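Spelled out, the chains give:
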Amino acid sequence: MPAAILADAPLAPAMPATLQLTLCLSVILFGIGLVGFLTRRNMILMFLSTELMFQAAALAFVAFGRLWMDLSGQLMVIFILTVAAAEAALALGLVVLLYRRKETLSNEAWAELKE
Amino acid sequence: MTMQPALLSTLALALGDGAHADGGHAAQAAGYADVGALQFAKANVDAGYAWLKWMLLAPLASVALCGLFALLKVKGRWPAVFTVGAFATAAALAVSLYFQWSPTLFGTHAPLAVPLADWITVAWGDGPLQAFSVGFGLYVDGITLLWMLFVTVLATLIALYASEYMESDVKAGYARFFFAVSLFVASMLILVMSDNLVGLYLGWEGVGLCSYMLIGYYATQPGATAAAKKAFIMNRVGDLGLALAIFLIWTNYGTVSYDGLFQAVASADPLSAQGSWSKAAIPFLLLMAVCGKSAQGPLFTWLPDAMWGPTPVSALIHAATMVTAGIYLLARMAPFYTQQAIGAEWAEPALLTVGWIGCITAFLGATIACGQFDYKRVFAYSTISSLGYMVMGLGVGTAFGGVYYVFTHAWFKALLFLTAGAVMHGMAGQVDFRKLGGLMKVPGFRLTMVCMLLGCLYLATAPFSAAALSKDIILYQALTSPVDQVRWMGWLGLLTAGITAYYAFRVWFRLALGPVHIEPGPDQHGHGDDHHGSHGHDAHAHHGGHGGHGGHGGHGFHPHAPGVRISLVLAVIAVGSVLAGLPSYLEKSAGYNWIQRFVLNSTAWNRATAGPEHAEILGRDAHGTLFVLATGVVVLGIGLAWVLHAANRGLGDRLRASMLATPGLKWLALGSEHGWYVDQLYAAMIGVPAWIGAQLLAFVDRFVMDGVIVTAVGRIPGFFGRIFQPLYTGSVQGYALTMAGGIGLIVAWVVWIWLSGGAS
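Here the structure is a predicted model, which means the values were calculated and not measured.

### Considerations on the overall build of chain A
- Along its length, chain A carries four helices and zero strands.
- Reading the helices (α) and strands (β) of chain A from amino to carboxyl end gives α-α-α-α.
- In chain A, which comprises 115 residues, the share counted as buried stands at 11%.
- Taking all contacts inside chain A whose residues are at least 6 apart in sequence as the whole, residues at least 24 apart take part in 51%.

### A short note on the overall build of chain B
- Of the regular secondary structure elements, chain B holds 27 helices and seven strands.
- Counting across all 760 residues of chain B, residues that qualify as buried make up 52%.

### What about the interface of chain B and chain A?
- Contacts between chain B and chain A engage nine residues on the former and nine residues on the latter.
- Looking at side-chain class alone, the side of chain B that touches chain A contains five nonpolar, four polar and no charged residues.

### Remarks on unusual backbone geometry
- Of note, A:Met69 is a non-glycine position whose phi angle comes to about 50°, a positive value.
- Summarising the element assignment, A:Met69 is placed in the loop between helix H3 (43-68) and helix H4 (72-102).
- The phi angle at B:Thr461 is positive, at roughly 50°, despite the residue not being glycine.
- With respect to the helices, strands and loops of the structure, B:Thr461 is situated in the loop between helix H18 (446-459) and helix H19 (466-479).

### As for the environment of B:Arg176
- Mapped onto the fold, B:Arg176 is located in helix H6 (residues 174-193).
- As a C-alpha pair, B:Arg176 and B:Phe719 span 543 residues in sequence and 59 Å in three-dimensional space.

### So, the packing of helix H20 (residues 484-512) of chain B against helix H23 (residues 622-647) of chain B
All names here are of chain B.
- Running from amino to carboxyl end, H20 crosses H23 at an angle of 35°, the nearest separation of the two axes being 7 Å. Remark: the crossing between H20 and H23 carries right-handed chirality. For the pair H20 and H23, contact is made by Leu494, Ala497, Gly498, Ile499, Thr500, Ala501, Tyr502, Phe505, Arg506, Phe509 and Arg510 and by Leu629, Ala630, Val633, Val634, Leu636, Gly637, Ile638, Leu640, Ala641, Trp642, His645 and Ala646, respectively.
- A class-by-class count of the residues in the contact of H20 with H23 yields 17 nonpolar, four polar and two charged.

### Things to note about the nonpolar core
- Core analysis: the biggest nonpolar cluster contains 239 residues, and B:Leu154, B:Leu189, B:Leu286, B:Val403, B:Ala414 and B:Leu415 have the highest contact counts within it.
- Counting residues per element, this core draws most heavily on helix H17 (residues 399-426) of chain B, at 19 residues.
- Those residues in contact with B:Leu154, other than ones at most four positions away along the chain, are B:Leu316, B:Ala320, B:Thr321, B:Ala410 and B:Ala414.
- Core analysis: the second largest hydrophobic core is formed by six residues, A:Ala58, A:Ala60, A:Phe61 and A:Ala63 among them.

### Let's talk about the domain arrangement of chain B
- Segmentation of chain B into domains returns domain 1 (8-629), domain 2 (677-728) and domain 3 (731-760).
- For domain 2 of chain B and domain 3 of chain B, the distance between their C-alpha centres works out to 50 Å.

### Some details on the sheet that holds strand S1 (residues 44-45) of chain B
Residue and element names in this part refer to chain B.
- Within the open sheet, the three strands sit side by side as S1-S2-S3. Their pairing is mixed. Of all the strands in the sheet, the pair left with one neighbour each is S1 and strand S3 (131-140).
- Where S1 meets strand S2 (residues 112-123), two bridges bridge the pair, whose relative direction is parallel. For valine 45, the partnering residue across the bridge sits in S2 and is alanine 113.

### Quick notes on H3(A)
- With 26 residues, H3(A) ought to run about 38 Å at 1.5 Å a step, and its terminal C-alpha atoms sit 38 Å apart, in line with that.
- Here H3(A) has its buried residues at A:Met43, A:Met46, A:Ser49, A:Ala56, A:Ala58, A:Ala60, A:Phe61, A:Ala63 and A:Leu67.

### Here we look at the environment of A:Val96
- Inspection of the secondary structure assignment puts A:Val96 in helix H4.
- Remark: the alpha-carbon pair of A:Val96 and A:Met69, spanning 27 residues in sequence, is separated by 42 Å.

### Quick word on the pairing of S2(B)
- Where S2(B) meets S3(B), ten bridges bridge the pair, whose relative direction is antiparallel. Looking across to S3(B), one finds that B:Val114 is bridged to B:Leu138.

### Observations concerning the packing of helix H5 (residues 142-165) of chain B against helix H12 (residues 311-320) of chain B
All names here are of chain B.
- Contact geometry for H5 and H12: axes closest at 8 Å, N-to-C directions at 160°. In terms of orientation, H5 and H12 fall into the roughly antiparallel class. Crossing geometry of H5 relative to H12 is assigned as left-handed. Residues Leu154, Ala155, Ile158, Tyr161, Ala162 and Tyr165 of H5 lie in contact with H12, whose contacting residues are Thr311, Pro312, Ala315, Leu316 and Ala320.
- Grouping the amino acids of the contact of H5 with H12 by side-chain chemistry returns ten nonpolar, one polar and no charged.

### Observations concerning the confidence of the model for chain B
Residue and element names in this part refer to chain B.
- Summing up the model confidence of chain B, the mean pLDDT is 83 and the portion of residues at 70 or higher is 87%.
- Across residues 1-6, confidence stays below pLDDT 50; counting only partners more than four residues off in sequence or on other chains, it has eight contacts.
- Overall, residues 8-35 carries pLDDT values under 50, and its contacts beyond four positions in sequence, including any with other chains, amount to 58 contacts.
- With pTM at 0.77, the complex prediction returns an ipTM value of 0.77.

Conventions adopted
Residues numbered from 1 in each chain as written. Chains lettered and ligands numbered in written order. Predicted model: local features only at pLDDT ≥ 70, side-chain atom pairs only at ≥ 80, totals over all residues. Helix = DSSP H or I, 4+ residues; strand = E, 2+ residues; numbered from the N terminus. Buried ≥ 20, exposed ≤ 12 C-beta atoms within 10 Å, placed from the backbone. Contact = placed C-beta atoms within 7 Å. Nonpolar A, V, L, I, M, F, W, Y, C, P; charged D, E, K, R; others polar. Axes fitted to C-alpha atoms, helices over the stretch in contact; angles between N-to-C directions. Left-handed = near helix turned anticlockwise from the far one by under 90°. Core = buried A, V, L, I, M, F, W, Y, C linked by C-beta atoms within 7 Å. Domains from an automatic or database assignment. Pairing = 2+ DSSP bridges. Expected span 1.5 Å × (residues − 1). Parallel < 35°, antiparallel > 145°, perpendicular 65-115°, else oblique. pLDDT = per-residue confidence, 0-100.

This is the structure in structure tokens:
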């Protein structure tokens, strides 16, 4: 039971309500990102959706880091931000190149890559 | 087997000092006991002679400088200066060593050993034969000194000649050429001066490498590179024999250093020596090495092709020096052909094999030379033939005759090649003597043709010439032998002498006499021998009045007479050729002449003397009979050449045409022209099986390896891939949905376990 896990943690402050709220926000963010990714055909919007999912994960890290009073969670966030920045540069560059090829941002134009 | 004691007792004459070598003793010699024990003077280790290392360092310095010039692509004549300077230094050192030795050379002179450096030391145990140690040092005895002298002196002269001959390459391969020539001389000196077999092997491989580089010097011509590869590979076959021989010598005697080795050989008891197969194999493996390097027996076909190299290289490496390395090896390792070293039952076949290989090679070389139209190839085959004589000399038991012939041959064959080079140089690379003629009348070529006449007289072993004096020693030894087989070698050798006289003068009569007739060769505007008028002086000697154009595309072609350096070198080597015979006329010391002294003071000494003094040939006095016979065949040979190629220049061609038209004689003319089809035989014996094997392997590779294994294995993942391929729609959202659905399922599963109380 989650309660049991919390009770066993020596450093755990009693803030489960805040944790749950934060995690809820994280899940909502992730859900929005997932739905956005699944429904959109515009590659830039799909890319933004993945960013949302990234941030949802980062938020969960922060929440748990706060719960355990451990800096590892926040450390991870720094990593996520760095990776997200690099990925943004790469992905936007790719999108620009793909756009130049086909004059469209729709990812369905690239369905032939299935082979 | 009855001949065994007979041949070995002939050797007995050669053993011991001169006093024992008398006829009376020979008459009583009937068995091994008379051979007596070998004795070799222990080397006199004297570090005071360390200055001899400069003989190696001078050419090596030239190698470094020329290599630097070649690498930096510096154009200029400096490489020739370095090379000639370095060779002259080495020659001066060799001559000064000779003068230090000359007072004692005519007595008994111990070999000189000069340790220079530690080289290889390996130990893998404490027992016998569990440590190998060899130093880098010099070992100088009579034959070493002789080789040092003629190699360095001839190399100096030929490098000087090459400095003019290669003039047109100043902007191309000049530095590369002299780099290889310097490396060759350094390697050759290491070969003859090393005090152990490993050093000899180093030099042996070094000269082979340089030979390869220089044969392939005109690397843009496919023929030259093919010839270089052929020479290199055929030499490797022989070198395998040398390597194996060195291994066996080490396992049998525990050392590869000459001094220790020959002491070990001499200490063997001649009566009780039992030959094992590994000892018995040594002389045959050494002979294999000789066959490769000295173009003998089955391995001779690389030498004619080696003529692709520039002519100074042909003269220096493929006539005068490198190819005599095999003779040096035979003379140096002579004790291994006597029964002390390898056991009595093996000594006889080993010696007879050497003799027969030399004899048959001499005969084949001479017969092939008769069918060639390329004068440089004639001289190449004559070199094979002459080397055959030398090998035969050692085989029939006269190292003196063999080595003496090496010495005289080095001079006159270098002279022949250099004159041939001068003609090629002047005639734009024309090598077919049917397209040249009357060169005696062409201005500037008289000295060349006179020098070539001298060379041909020597090649033909004209009476009283140096070549005849040395060749007759070999024939004398063979014809007076008590062994039937050896006498047969002698008669075949005599026949070869007649053939040699014929083909030598066939070339000279064609080139020098008759009406002036010049068809320039292919190099008029081509490589190497092209003339750029860089000589300043009479480079374009005009001789319009001689009708030399022949109407064969020779418009405006002017023969390019040899310049000062070529003429000077030709004259000096011509004089050297004449003087090489001098030892036979000078006063003998204690019954031995000058050359004989070199041989006597060496490891070849036990076979150094001539045969019995009062022997008979055909029931008459041997010396007189041999002189008459040898002179007779030479005169006959030259006479035949005169009739066929000088008196009536068309007669030779008509004879050949009628031979080709006669079915019974056709094979003779064609076989001679094509070197008895030895190359084709090798192609059939080695080339065809190798081709079949290659096809077989290619089939296996294509169908078994590529087909069954690689393609079949590769199809397995392809098969599964095709099963799942329809799942890949190309829609990113589809993939993402699958992923999300999968994660959703996992989450649902975890939650289901949780809710059902499984996690507690």
